[in-house]
Amino acid sequence: MWWRVTIISLAYLLLGAHFLRFDQHIMAIIAIGLPLLMFIKHSFVRTLLKLGLLISVVFVWAVTTFNFIDMRIALEQPWLRLAIIMASVIIFTVFAAFSTNGLNQKLRR
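Conventions we followed
Residues numbered from 1 in each chain as written. Predicted model: local features only at pLDDT ≥ 70, side-chain atom pairs only at ≥ 80, totals over all residues. Heavy atoms only, no water. Helix = DSSP H or I, 4+ residues; strand = E, 2+ residues; numbered from the N terminus. Buried < 20%, exposed > 50% of the residue type's maximum accessible area, 1.4 Å probe, protein only. UniProt positions renumbered as here; feature names shortened; annotations may be inferred. Expected span 1.5 Å × (residues − 1). Contact = heavy atoms within 4.5 Å. Core = buried A, V, L, I, M, F, W, Y, C linked by side-chain atoms within 4.5 Å. Phe/Tyr/Trp six-rings, centres within 6.5 Å; stacked < 30°, edge-to-face > 60°. Axes fitted to C-alpha atoms, helices over the stretch in contact; angles between N-to-C directions. Parallel < 35°, antiparallel > 145°, perpendicular 65-115°, else oblique. Left-handed = near helix turned anticlockwise from the far one by under 90°.

(A) Layout of unusual backbone geometry. Phi at Asp23 takes a positive value of approximately 55°, unusual for a residue other than glycine. Relative to the helices and strands, Asp23 is located in the loop between helix H1 (2-21) and helix H2 (25-33). One non-glycine residue with positive phi stands out, namely Glu76, at about 55°. Locating Glu76 in the fold gives a position in the loop between helix H3 (43-74) and helix H4 (80-98). Judged by relative accessible area, Glu76 falls into the exposed class, the value being 73%.

Okay, structure coming up:
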């Protein structure tokens, strides 16, 4: 159970750091504050956390990856390492999104 909380929190902290890099302070505060919702034991919260992570994959990480790789290619700089790093971030965020499935389940004996 603790590893789910850790992975989800790290994914949202990474998203918050991304927003801070581009001076989007309100979005960073929202992203950093969303893991605090895990203290609420409701299925809606689990769905909200999952949707937040999946939406960030599509609208933040995929767009950023495309833009950065396009910029690197235009400047004739190497871009393969960037693509591998961003693919790892996307995979980690998707894994964190699917880690929300077992958040509210009680351990069985």
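(B) Representation of the UniProt feature "transmembrane region" (unreviewed entry) in the chain in the model. Under the UniProt annotation, "transmembrane region" (unreviewed entry) lies at residues 26-44, 51-69 and 81-103. When the span residues 26-44 is considered, its composition is 53% helix and 0% strand, and the gap between its end C-alpha atoms is 23 Å. Secondary structure over residues 51-69 splits into 100% helix and 0% strand, and the C-alpha atoms at its two ends are 26 Å apart.

(C) Structural view of H3. Between its first and last C-alpha atoms H3 spans 45 Å; for 32 residues at 1.5 Å apiece the expected length is 46 Å, and the two agree. Within H3, the full set of buried residues consists of Val45, Leu49, Leu53, Ser56, Val57, Val60, Trp61, Thr64, Thr65 and Ile69. The inward-facing, buried residues of H3 contact H1 and H4.

(D) Molecular detail of the nonpolar core. Membership of the largest hydrophobic core comes to 21 residues, with the highest contact counts inside it found for Tyr12, Leu15, Phe19, Leu53 and Trp61. Contributing elements (two or more residues each) for this core: H1, H2, H3 and H4. Ignoring anything within four residues of it in the chain, the contact list for Tyr12 reads Ala31, Leu34, Pro35, Leu48, Leu49, Gly52 and Leu53.

(E) Representation of the packing of aromatic side chains in the model. Under the definition given, this model contains two aromatic pairs. Consider the rings of Trp3 and Phe95, whose centres lie 6.4 Å apart with planes at 20°: the pair is stacked. One end of the pair, Trp3, is in helix H1; the other, Phe95, is in helix H4, and 92 residues separate them in sequence.

(F) Local environment of the environment of Ile91. Tracing the sequence through the fold places Ile91 in helix H4. When its relative accessible area of 60% is taken as the criterion, Ile91 is described as exposed. Through-space distance from the C-alpha of Ile91 to that of Ala11 is 11 Å; in sequence the pair is 80 residues apart.

(G) Structural context of the packing of H1 against H4. Two elements in contact, H1 and H4, have axes whose closest approach is 9 Å; the angle formed by their N-to-C orientations is 135°. One element, H1, and the other, H4, form an angle in the oblique class. H4 is crossed by H1, and the crossing has left-handed handedness. Contact residues: Trp3, Ile7, Ile8, Leu10, Ala11 and Leu14 in H1; Val89, Phe92, Phe95 and Ala96 in H4.

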